[in-house]
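Working through the structure, step by step
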Amino acid sequence: MDMTMVRDRGLVLLGCGKMGSAMLAGWLKGGLPARSVWVMEPYPSDWLKAQGVHLNVILPVDPAIVLVAVKPQMMAEALPGLSTLGGGNTLFLSIAAGTRISFYETTLGGKTPIVRAMPNTPAAIGRGITAISGNAHATEAHLALSEALLSAVGQVVRLSGEDQMDAVTAVSGSGPAYVFHLIETLAAAGVAEGLSPALALQLARATVAGAGALAEEAEEGPDQLRINVTSPGGTTAAALKVLMDERRGFPALLREAVHAAAERGRELGK
C-alpha cells in the first residue's frame, strides 16, 4: 500500500477538527489531490470548505484508508455507518484518544486491518510525535502507509504492542500540557521575584521553547545539556537543588503525574 493507491482509491477522513485539519493540510501540501479525499464533518470550518475535497457526500465503495479523527464520545455514533468498509480491503487508522483496537474490531469486523495512533497537539504546527500500533491484520504495508500519512505532522514511532499506548499517552499525548503548565508557573515565579507579567511570560515561553529545540538538535543527552548550564555553586545549581530533590522535586512529581495519566488511560479503556 502506498500513496499512489491512496490517490487512486481515495482517503476518507472521519472528523476534521484541529488535528484532522492539520493532517489534511500536510497531505494536500505533500501532493495528495483534493479530489482523492472525502471528509465527513458535521461542522466544517471555512478553511475546510475552501479545500476542494468531497465534503459530506456519499463515500467511495472501496477507499484505501479511513482515518478516524472524531472525538471518542462521538465514536459510537459515527463509526457504525462505515461498517460496510470493514472486513479487509480498507485500512482503518484511528487517532481517537483512548479507543481500543478491540472496539473497532467489534464494530467493523475482526478481519479489518486497524492501526491505532496517538498523536499530540504540536502536530498542528508539524512538530508532533505520533506512536502507532497495529492489530493482527495490519501488515507491514499498512503500518508503512500509516507512518507516511502521519509523518505529515511530525515524527512517528512504532510500538511493540497496544499495551504500551497508555504509557505513551501519559508521556507525549498529555505531555504538552505539562510543558504549558511549566511555562505558566515559571512565569508566575518570575513575577514573584519582581518582573512584570508580560516580561516574565516572554522569558518563560522563549526559554522553554528554545531549550526544547536545543534538546532536539544537540548531540548530547538532556543530562549533559543540564550539566553544561550548571556552574558549581552558581545560580542554576541553587535552583536545581530544589528541582532535583528525589522526594519533592521533578523526579517524584513527574513520575507520579505520568503514572496518574497512564492509570486513567487504562481505566477509560476498560
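Keep in mind the model is a prediction, meaning the values are calculated, not measured.

Some points on the overall build of the chain
Along the chain, the regular secondary structure elements total 12 helices and eight strands. On the principal axes, the C-alpha backbone points of the chain span a range of 70 × 40 × 35 Å. Residue burial in the chain is summarised as follows: out of 270 residues, 36% are buried. In the form shown here, the chain has an accessible surface area of approximately 14800 Å², with 60% of it arising from carbon and sulfur atoms. The positive charge centre, built from 21 side chains, and the negative charge centre, built from 24, are 3 Å apart in the chain.

Thoughts on the packing of helix α7 (residues 165-173) against helix α12 (residues 250-268)
Running from N to C, α7 and α12 point in directions that differ by 135°, and their axes come no closer than 8 Å. Regarding the angle of α7 to α12, the classification is oblique. Here α7 runs over α12; the crossing is right-handed. Residues Asp166, Ala167, Ala170 and Val171 of α7 form the contact with α12, whose participating residues are Val258, Ala261, Ala262, Gly265 and Arg266.

Section: the packing of α7 against helix α8 (residues 175-192)
As a packed pair, α7 and α8 sit with axes 5 Å apart at the nearest point and diverge in direction by 30°. Considering their axes alone, α7 and α8 lie roughly parallel with respect to each other. Taking contact as the criterion, the partners of Ala170, Val171, Ser172 and Gly173 in α7 are, on α8, Gly175, Pro176 and Tyr178. The residue inventory of the contact of α7 with α8, partitioned by class, reads four nonpolar, three polar and no charged.

What to know about unusual backbone geometry
Phi at Asn56 takes a positive value of approximately 55°, unusual for a residue other than glycine. Locating Asn56 in the fold gives a position in the loop between β3 (54-55) and β4 (65-68). With relative accessibility at 39%, the residue Asn56 sits in the partly exposed group.

Notes on the sheet that holds β4
Strand order in this open sheet of eight strands is β3-β2-β1-β4-β5-β6-β7-β8, and the pairing throughout is mixed. Every interior strand has two partners, whereas the edge strands, β3 and β8 (154-158), have only one. The pairing of strand β1 (residues 11-14) with strand β2 (residues 37-40) spans four bridges and is parallel. From the neighbouring strand, Leu11 faces β2, where its bridge partner is Val37. Together, β1, β2 and β4 form the strand contacts of helix α2 (residues 18-29), whose direction differs from that of β1 by roughly 160°. Sitting on the sheet, helix α6 (residues 140-150) is in contact with β1, β4, β5 (91-94), β6 (114-118), β7 (128-134) and β8, with an inclination near 155° to β8.

Some words on the confidence of the model for the chain
A residue-level look at the chain finds 99% of positions with pLDDT of 70 or above and a mean pLDDT of 93. The weakest mean pLDDT in the chain belongs to helix α4 (residues 75-78) at 82; the strongest belongs to α8 at 98.

Digging into the nonpolar core
Most often, soluble globular proteins have nonpolar side chains that are buried together. Judged by nonpolar contacts, the single largest core of 33 residues is most densely connected at Leu11, Leu13, Leu24 and Trp27. Counting only elements with at least two residues in this core, the list comes to β1, α2, β2, β4, β5, β6 and α6. Ranked by residue count, the leading element in this core is α2, at five residues. One finds Leu14, Met75, Leu85 and Leu108 within the second-largest nonpolar core, a separate group that totals 16 residues.

Section: the pattern of salt bridges
One pass over the structure, following the stated rule, counts nine salt bridges. As a salt-bridge pair, Arg9 and Asp62 come within 3.2 Å of each other at their nearest N and O atoms. Residue Arg9 is located in helix α1 (residues 3-9), and its partner Asp62 is located in the loop between β3 and β4; the two are separated by 53 residues in the primary sequence. Its salt-bridge partner being Arg158, residue Glu147 comes within 2.7 Å of it at the nearest N-O pair. Taken together, the positions of Glu147 in helix α6 and Arg158 in strand β8 put the pair 11 residues apart, joining distant regions of the chain. Overall, Glu147 belongs to the partly exposed group, its relative accessible area being 25%. Through salt bridges with shared partners, one network takes in Glu140, Glu147 and Arg158.

Rules used throughout
Residues numbered from 1 in each chain as written. Predicted model: local features only at pLDDT ≥ 70, side-chain atom pairs only at ≥ 80, totals over all residues. Heavy atoms only, no water. Helix = DSSP H or I, 4+ residues; strand = E, 2+ residues; numbered from the N terminus. Buried < 20%, exposed > 50% of the residue type's maximum accessible area, 1.4 Å probe, protein only. Areas by Shrake-Rupley, 256 points an atom, 1.4 Å probe, with all protein chains shown as cover. Lys, Arg positive; Asp, Glu negative; His and termini not counted. Charge placed at Lys NZ, Arg CZ, Asp CG, Glu CD. Axes fitted to C-alpha atoms, helices over the stretch in contact; angles between N-to-C directions. Parallel < 35°, antiparallel > 145°, perpendicular 65-115°, else oblique. Left-handed = near helix turned anticlockwise from the far one by under 90°. Contact = heavy atoms within 4.5 Å. Nonpolar A, V, L, I, M, F, W, Y, C, P; charged D, E, K, R; others polar. Pairing = 2+ DSSP bridges. pLDDT = per-residue confidence, 0-100. Core = buried A, V, L, I, M, F, W, Y, C linked by side-chain atoms within 4.5 Å. Salt bridge = Lys/Arg side-chain N within 4 Å of Asp/Glu carboxyl O.

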